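Below, each chain spelled out in residue letters.
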Amino acid sequence: MITAGGIVLAGGKSRRFGSPKAFATIDGQPFYMRSVKALMPFVKRMIIVTNEDLKPFFGKGEYDVVKDMEQYTGHGPLAGIYSAMERFSYPWYAVVPVDVPFIDENVFRVMLPYCQEPVQAVIPVVNGKKEPLIAIYHHSVKDSLSLQLSRGKRSVHQWLKEIPNVCEVAMENEKPFININRQWDFETYIAKRRGMD
Ligand SMILES: Nc1nc2c(ncn2[C@@H]2O[C@H](COP(=O)(O)OP(=O)(O)OP(=O)(O)O)[C@@H](O)[C@H]2O)c(=O)[nH]1
């Protein structure tokens, strides 16, 4: 078992969705809580990283709610990961966004055995697509993350190329990775859901 902090990325603008995705609900549960629950069994501390406007709405729970570092506010998911790493020190960090409401803990259960040095990042690959925001990172990636951000580079996939020891884990089940960006995505997946269960 690794010692990990859990990072829930919740500082996005949700422009395409039209309202904060973190608080959209499914079966009465906000999206962000689905992300928290998926990480809960594996982490020593849960860190929700968000922005000033959304922070008050997370209320109190078994998590810390922090803001992106001031100089990187609104700089995207990498800023969220880095801000959490700067604030709380752990050997490993398990990361999940707030817009994957079908995420479940098994995704992380499958990745955990690969978290062994010199591996620095364990990234699921689903249908040939890397999912670097649903991943586990070693603390040693922090320097390259800092460099990326200081150069104004926000691409998660570009950053991944800077990490020497990435372990990709192919996953068959697509459902936990369904990403909601628009209301339309949400309605479509809700409608299809019965068929997928
Ligand atoms: N902490 C933090 N999280 C972010 C930031 N930008 C995006 N995220 C999170 O990263 C995940 C993926 O975000 P996206 O869907 O790419 O962006 P978004 O801003 O939420 O949505 P759009 O405005 O529609 O692009 C979500 O969980 C977001 O909440 C940021 O600047 N800081």
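Since we're looking at a predicted model, the values are computed, not measured. All residue numbers refer to positions counted from 1 along the written sequence of the respective chain. A pLDDT threshold of at least 70 governs which residues receive local features in this predicted model, and a stricter bar of 80 or more applies before side-chain atom pairs are shown or counted, although totals over entire chains, interfaces and linings include all residues.

A. The nonpolar core, seen in detail. Of all hydrophobic cores here, the largest spans 55 residues; its most connected members are V8, Y32, I48, Y93, A94, V95 and I136. Here contacts are defined at the residue level, using C-beta atoms placed from the backbone and a cut-off of 7 Å between them. Beyond its immediate sequence surroundings of up to four residues, Y32 is in contact with V8, A10, A22, I48, F58 and V98. By convention in this section, buried Ala, Val, Leu, Ile, Met, Phe, Trp, Tyr and Cys residues joined through C-beta atoms within 7 Å make up a nonpolar core. With C-beta atoms placed from the backbone, a residue is buried if 20 or more other C-beta atoms are within 10 Å of its own, exposed if 12 or fewer are, and partly exposed between those counts.

B. Main features of unusual backbone geometry. Of note, the bond from E117 into P118 is cis; its omega dihedral lies within 30 degrees of zero at 10°. Strands here mean DSSP runs of E at least two residues long; helices mean DSSP runs of H or I at least four residues long; both are numbered from the N terminus. Along the polypeptide, P118 turns up in the loop between α3 (105–111) and β7 (121–126). Positive phi outside glycine occurs at N127, with the angle close to 55°. Residue classification places N127 among the exposed residues on the basis of 9 C-beta atoms within 10 Å.

C. Quick look at the site of the ligand. The environment of the ligand is formed by 24 residues, the closest being G11, G12, R15, G80 and P97. The element that contributes the greatest number of residues to the shell around the ligand is helix α2 (residues 77–87), accounting for three residues. Only Asp, Glu, Lys and Arg are considered charged in this grouping, and only Ala, Val, Leu, Ile, Met, Phe, Trp, Tyr, Cys and Pro are considered nonpolar; every other residue, Gly among them, is considered polar. Class assignment of the residues belonging to the shell around the ligand gives a composition of nine nonpolar, nine polar and six charged. Put plainly, near means the residue's C-beta atom, positioned from the backbone, lies within 6 Å of the molecule or strand in question.

D. Quick look at the UniProt feature "binding site: GTP" (unreviewed entry) in the chain. UniProt positions are given in the numbering used here, feature names are shortened, and annotations may be inferred rather than shown by experiment. Residues given the UniProt feature "binding site: GTP" (unreviewed entry) here are L9, A10, G11, K21, D68 and D99. With respect to the secondary-structure elements, L9 resides in strand β1 (residues 4–9). Accessibility expressed as a C-beta count within 10 Å gives 28 for L9, which makes it buried. Apart from residues lying up to four places away in sequence, L9 is in contact with V49, P77, G80, V95, P97, V98 and L133. By the element assignment, G11 lies in the loop between β1 and β2 (25–26). Given 28 C-beta atoms within 10 Å, G11 falls into the buried group. If we ignore the near neighbours within four places in the chain, the residues touching G11 are V49, T50, N51, D68 and G80.

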